[in-house]
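# Observations on the model geometry
Residue strings, one per chain:
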Amino acid sequence: RTTGNAAPKEIENHFSVDFPGMKCEDIQSHDELRSALKKRLSSTLSGCHSCNLKTVAVPGCESKANQRPKRAIDTTVEVLFSLVVFKDMNSSSSEDNVEEKNEAVLFQMQYAVSTGEFMISLHGINTTARRSSLQHLFSKVTCSIGSVPSSDGKRCGEYLVVTFHSFIFLFIYLSIYLVIY
């Protein structure tokens, strides 16, 4: 059983975004796409020093052997990525709230994509994300030691810890209480 709320150690957000005009052939290496995305995220989330790009995937473009030729009209690439927002251990602020920082990150991402500012560059060719394409797929919370994810997985709760010594103390206290009254 958990009691109260505890601040999460980190929150990993999973996103999907579409880049119209981009083809699988434009992505010559996974590292190149990761680097371009990391550069864009750094610019978009300039105030977030405790945000890291974790995973990048391009469904349908991962394996050249399994690729089927797409029609000429279908030149949109969906990019899946995860971004981790974590507690900055070097921060002097005692109010380094991961949940608040995460909300700000979600807002900044939505704003950048919806206003057409979320653009990546591959081989000198700039490609802007489709304005309505950002999807926040899900979040995964990692809790600090001594706390566990809540049943909905969105928060952390602290365990009610009963140790042997606290049990003995409670037993003695109740015994004295019963003798006195």
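It should be noted that the structure appears before, not after, this text.
Okay, so let's go over this structure. Remember, predicted model here, so these are calculated numbers, not experimental data.

Right, let's talk about unusual backbone geometry for a bit. Residues other than glycine predominantly adopt negative phi, and peptide bonds predominantly adopt the trans conformation. Phi is positive for H123, which is not a glycine, with a value near 55 degrees. Considering the arrangement of structural elements, one finds H123 in the loop between β5 (119–122) and β6 (125–128). Note on H123: relative accessible area 40%, which makes it partly exposed.

On to the pattern of salt bridges. For the coordinates displayed, the defined rule picks out 3 salt bridges. A salt bridge links K54 to E12; its shortest N-O distance comes to 3.2 Å. Within this pair, whereas K54 is found in strand β3 (residues 51–57), its partner E12 is found in strand β2 (residues 8–20), the two being separated by 42 residues in sequence. For E12, a relative accessible area of 6% translates into the label buried. Here R155 makes a salt bridge to E99, at a shortest N to O gap of 3.6 Å. Taken as a pair, R155 in the loop between β8 (147–149) and β9 (156–159) and E99 in helix α2 (residues 98–114) lie far apart in primary sequence, 56 residues in all.

Let us now look at the packing of aromatic side chains. Counted under the stated rule, the structure contains 3 aromatic pairs. The interplanar angle of 20 degrees and the centroid separation of 6.4 Å between the aromatic rings of F107 and Y111 together place this pair among those described as stacked. One end of the pair is F107 and the other is Y111, both in helix α2 and 4 residues apart, which spans about a single turn. Given the relative accessible area of 59%, F107 is considered exposed. Among the residues examined, Y111 registers a relative accessible area of 44% and is labelled partly exposed.

Once that is clear, we can look at the side chain of S147. Following the sequence through the fold, S147 ends up in strand β8. Within polar-contact distance, the side chain of S147 engages the backbone oxygen of S144 at 2.9 Å.

The next thing to look at is the state of the cysteines. Going through the model one piece at a time under the given rule, you end up with 3 disulfides. Across the disulfide from C48 sits C51; the S-S distance is 1.7 Å. One quick way to see it: the torsion about the S-S bond of C48 and C51 is about 75 degrees, and its sign makes the bridge right-handed. Neither residue differs from the other here; C48 and C51 are each classed as buried.

In this section: α2. Between the first and last C-alpha of α2 there are 24 Å, a value that for 17 residues agrees with the 24 Å anticipated at 1.5 Å per step. All of the buried residues in α2 are V98, K101, N102, V105, L106, M109, A112 and V113. Viewed along the axis of α2, the buried residues span an arc of 140 degrees, placing them on a single side of the element. In α2, the exposed residues that point more than 90 degrees away from the buried face are E100, E103 and F107. The inward-facing, buried residues of α2 contact β2, α1 (30–44), β3, β4 (76–86) and β7 (135–143). One or two positions beyond α2, positive phi appears at G116, with a value near 80 degrees.

So, about the pairing of β4. Bridge analysis of β2 against β4 gives 11 bridges, and the strand direction is antiparallel. Its bridge partner lying in β4, S16 is registered against L80. Bridge analysis of β3 against β4 gives 6 bridges, and the strand direction is antiparallel. Paired with A57 across the two strands is L80, which belongs to β4.

Right, let's get into the sheet that holds β7. Judged by pairing direction, the sheet is antiparallel, and its 4 strands sit side by side in the order β3-β4-β2-β7 without closing on themselves. Unpaired on one side and paired on the other, β3 and β7 mark the two borders of the sheet. The sheet shows a mean angle of 20 degrees between the axes of neighbouring strands, taken without regard to direction. Sheet strands in contact with α1 are β3 and β4, and its direction is about 145 degrees off that of β3.

Reading guide: rules and limits
- Residues numbered from 1 in each chain as written.
- Predicted model: local features only at pLDDT ≥ 70, side-chain atom pairs only at ≥ 80, totals over all residues.
- Heavy atoms only, no water.
- Helix = DSSP H or I, 4+ residues; strand = E, 2+ residues; numbered from the N terminus.
- Buried < 20%, exposed > 50% of the residue type's maximum accessible area, 1.4 Å probe, protein only.
- Salt bridge = Lys/Arg side-chain N within 4 Å of Asp/Glu carboxyl O.
- Phe/Tyr/Trp six-rings, centres within 6.5 Å; stacked < 30°, edge-to-face > 60°.
- Polar contact = N/O pair within 3.5 Å; in protein donor to acceptor, adjacent residues only side chain to side chain.
- Disulfide = S-S within 2.5 Å.
- Expected span 1.5 Å × (residues − 1).
- Arc of directions from axis to C-beta.
- Contact = heavy atoms within 4.5 Å.
- Pairing = 2+ DSSP bridges.
- Axes fitted to C-alpha atoms, helices over the stretch in contact; angles between N-to-C directions.

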